[in-house]
Amino acid sequence: GENVEQHPSTLSVQEGDSAVIKCTYSDSASNYFPWYKQELGKRPQLIIDIRSNVGEKKDQRIAVTLNKTAKHFSLHITETQPEDSAVYFCAALPGIRYGGATNKLIFGTGTLLAVQP
Amino acid sequence: KAGVTQTPRYLIKTRGQQVTLSCSPISGHRSVSWYQQTPGQGLQFLFEYFSETQRNKGNFPGRFSGRQFSNSRSEMNVSTLELGDSALYLCASSLGGESSYEQYFGPGTRLTVT
């Protein structure tokens, strides 16, 4: 079935260092890969996404890379700051089947990022 | 634009009761998806509604149901509540077209079943 694996489950970095979170998906027809940031007690917030026809996307200190052959995608945060501390979720949108579109996202299990000042 | 809203924000129910949760999507969004978030299982897809039709369903028992109204607002219902249904229930809205995949979450409804 459709599955997304996410590593590591926890990540602690010093302020100013880079952080990398990796995900692997099972459905080779997946075509959309968003990343969400969830602070304690808050809603998941879409921070960046990438589509299957693009290999890399960058938005200020955040970048996402996609390797379709290996079915891997990664989140890169540079120059981390204490306010980057949160749980980060990757997700994949399975390919369209049976002629119908879907918004069913398959989520990874989350990475708790702690940025130490 | 106003974001996704959910009501109520908190609920405490007893085993065996039923509950209805509400979600109002971003104006112009026609797709509403529901997710259950628990510490053990993470974020799991319940179902999605688009233009008042259920477009996809996750692997949850029939006690979980939903609907969508003509103004795109959506409700989900859980009947015969069990202790394991305690979770944060999140809805996410999206334009819903094949070229617009971005989903934006509401603040969630925290359901506690005692």
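Structure report, in brief. (Residues numbered from 1 in each chain as written. Chains lettered and ligands numbered in written order. Predicted model: local features only at pLDDT ≥ 70, side-chain atom pairs only at ≥ 80, totals over all residues. Heavy atoms only, no water.)

## Brief notes about the state of the cysteines
All names here are of chain A.
Stage number 1. All told, the structure shown has two disulfides over all chains when counted by the stated rule.
Stage number 2. Covalent S-S linkage joins Cys 23 and Cys 90, the inter-sulfur distance amounting to 2.0 Å. Looking down the S-S bond of the Cys 23 and Cys 90 bridge, the torsion is -100°, so its handedness is left-handed. Of this pair, Cys 23 sits in strand β3 (residues 19–25) while Cys 90 sits in strand β9 (residues 86–92); the two residues are 67 residues apart in sequence, bridging distant segments of the chain. The pair Cys 23 / Cys 90 is uniform in exposure class, with both members buried. (Disulfide = S-S within 2.5 Å. Helix = DSSP H or I, 4+ residues; strand = E, 2+ residues; numbered from the N terminus. Buried < 20%, exposed > 50% of the residue type's maximum accessible area, 1.4 Å probe, protein only.)

## Here we look at the pattern of salt bridges
Stage number 1. Summed over all chains, the structure comprises nine salt bridges over all chains.
Stage number 2. A salt bridge links A:Asp84 to A:Arg61, with the nearest nitrogen and oxygen atoms 2.9 Å apart. Taken together, the residues A:Asp84 in the loop between β8 (72–77) and β9 and A:Arg61 in the loop between β6 (56–59) and β7 (62–67) connect sequence positions 23 residues apart.
Stage number 3. Among the residues examined, A:Asp84 registers a relative accessible area of 6% and is labelled buried.
Stage number 4. The exposure class assigned to A:Arg61 is partly exposed, which follows from its relative accessible area of 22%.
Stage number 5. Here B:Asp85 ties to B:Arg63 by a salt bridge, and the two come within 2.8 Å at their closest N and O atoms. Placement of the pair is B:Asp85 in the loop between β8 (74–78) and β9 (87–94) and B:Arg63 in the loop between β6 (53–57) and β7 (64–68), with a sequence separation of 22 residues. Across this residue pair, the class does not change: B:Asp85 and B:Arg63 are buried. (Salt bridge = Lys/Arg side-chain N within 4 Å of Asp/Glu carboxyl O.)

## What about the interface of chain A and chain B?
Stage number 1. Between chain A and chain B, the residue contacts involve 18 residues of the former and 24 residues of the latter.
Stage number 2. Roughly 2000 Å² is buried in total at the junction of chain A and chain B, and carbon and sulfur atoms are behind 52% of that figure.
Stage number 3. Three residues stand out in chain A for area buried against chain B, namely A:Arg43, A:Arg51 and A:Asn103, and they jointly supply 32% of the buried area on that side.
Stage number 4. Remark: the boundary between chain A and chain B carries one salt bridge.
Stage number 5. With a shortest N-O distance of 3.6 Å, A:Arg51 and B:Glu102 are connected by a salt bridge.
Stage number 6. Between chain A and chain B we count 10 residue pairs in polar contact (both at pLDDT 80 or more) in total.
Stage number 7. If you list the elements that add at least two residues to the side of chain A that touches chain B, you get β4 (32–38) and β5 (45–51) of chain A.
Stage number 8. Broken down by class, the residue content of the side of chain A that touches chain B amounts to 10 nonpolar, four polar and four charged. (Contact = heavy atoms within 4.5 Å. Buried area = accessible area lost by both parts, 1.4 Å probe. Polar contact = N/O pair within 3.5 Å; in protein donor to acceptor, adjacent residues only side chain to side chain. Nonpolar A, V, L, I, M, F, W, Y, C, P; charged D, E, K, R; others polar.)

Shape is all these values report; function is a separate question.
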